[in-house]
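# Examination of the molecular architecture
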Amino acid sequence: VRGLVSFEDVSFHYSDDDTLVLSNVSFQIPAGKSIALAGPSGSGKTTICSLLPRFYDVSSGRITIDGKDIRDLTLESLRNQIGIVQQDVYLFCGTIKENIAYGKENATRREVEQAAEAAHISDFINALPQKYETLLTDGGENLSKGQKQLITIARAMLSPARMLILDEATSNVDTRTELLIRDAMNTLMQGRTCFVIAHRLTTIRSADLILVVKNGDIVESG
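Note that the coordinates shown come from a computational prediction; the quantities given were computed from them, not determined experimentally.

## Remarks on the side chain of Asn-99
- Tracing the backbone through its elements, the reader meets Asn-99 in helix α3 (residues 96–101).
- For Asn-99, a relative accessible area of 0% corresponds to the buried category.
- Aside from chain neighbours lying at most four places away, what touches Asn-99 is Leu-91, Phe-92, Gly-94, Leu-136, Ile-151 and Arg-155.

Written out as structure tokens, the structure is:
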């Protein structure tokens, strides 16, 4: 998989409502490039990102990866190539090592440690009495928001996915943690095709392409 993504005249409405959420959306992202989706809440940014892993199927038009319609792919093969880092993180009850290793089946201890280093979370982990074997409560409630976010980024670092969906994760953290998260995300994005739901100017400025979404339409791009 190279990661060339094309939306071709994509429209979408929910099955129980004929009102269009997206209307004839078309754009292309070259493999390894990043796209920022900007616009007001409810404009369709998250819907665009939800269509790529087929959380919903398009109502008309098509989405292709490397020229292949995603509806012709198995869900397993499609979703194995898409990593997701959300603004609202999810950690399960288990060790820090297990939470990071969830990004790659049969990940080694060294791979987990390298991912943690790349995500700038290794110093914090090694300062804990149990280090990588520290048990997290369900949802990671015994960690700060920034620490939880960096663990999910480390999890994505391990993933072989060629495409990423990033719902910007730097809200409600202090300035120093924001810088750590942003640097980790920049490392994570290298060489991968990225969809970034943009909430801050710094994210928009670093994208290869910016799309402004309003009422289900792309009203500006550049």
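There is more to say, and it comes next.
## Regarding the packing of helix α6 (residues 145–158) against helix α7 (residues 175–189)
- The contact between α6 and α7 brings their axes to 10 Å, and the two run at 10°. The angle between α6 and α7 falls in the class roughly parallel. Contact residues: α6 offers Gly-146, Gln-149, Leu-150, Ile-153, Ala-156 and Met-157, while α7 offers Thr-177, Leu-180, Ile-181, Ala-184, Met-185, Thr-187 and Leu-188.

## With respect to the environment of Gly-83
- The topology assignment puts Gly-83 in strand β6 (residues 82–85).
- Residues Gly-83 and Arg-192, spaced 109 residues apart in sequence, show a C-alpha to C-alpha distance of 9.9 Å.
- Those residues in contact with Gly-83, other than ones at most four positions away along the chain, are Ala-161, Met-163, Leu-164 and Ile-165.

## Here's the deal with the environment of Thr-134
- By secondary structure assignment, the location of Thr-134 is in the loop between α5 (122–126) and β8 (135–136).
- Residue classification places Thr-134 among the buried positions, given a relative accessible area of 15%.
- Considered as a pair, Thr-134 and Ile-96 are 38 residues apart in the sequence and their alpha carbons are 5.9 Å apart.
- Beyond its immediate chain neighbours, meaning those up to four positions away, Thr-134 contacts Gly-94, Thr-95, Ile-96 and Leu-128.
- A distance of 2.7 Å separates the side chain of Thr-134 from the backbone oxygen of Lys-131, its partner in a polar contact.

## Overview of the side chain of Ser-122
- In this fold, Ser-122 is placed in helix α5.
- Among all residues touching Ser-122, those that are not within four sequence positions of it are Ala-116, Glu-117 and Tyr-132.

## A closer look at the pattern of salt bridges
- This model, assessed by the stated rule, comprises 8 salt bridges.
- Between Asp-57 and Arg-54 there is a salt bridge whose closest N-O contact spans 2.7 Å.
- Classification of Asp-57 as partly exposed rests on a relative accessible area of 35%.
- Taking the shortest distance from any N to any O, the salt bridge between Glu-117 and Arg-110 comes out at 3.5 Å.
- Exposure remark for Arg-110: the relative accessible area of 43% places this residue in the partly exposed category.
- Residues joined by salt bridges that share partners form a network here, namely Arg-109, Arg-110, Glu-113, Glu-117 and Glu-133.

Here is what the cut-offs are and how they apply
- Residues numbered from 1 in each chain as written.
- Predicted model: local features only at pLDDT ≥ 70, side-chain atom pairs only at ≥ 80, totals over all residues.
- Heavy atoms only, no water.
- Helix = DSSP H or I, 4+ residues; strand = E, 2+ residues; numbered from the N terminus.
- Buried < 20%, exposed > 50% of the residue type's maximum accessible area, 1.4 Å probe, protein only.
- Contact = heavy atoms within 4.5 Å.
- Axes fitted to C-alpha atoms, helices over the stretch in contact; angles between N-to-C directions.
- Parallel < 35°, antiparallel > 145°, perpendicular 65-115°, else oblique.
- Polar contact = N/O pair within 3.5 Å; in protein donor to acceptor, adjacent residues only side chain to side chain.
- Salt bridge = Lys/Arg side-chain N within 4 Å of Asp/Glu carboxyl O.

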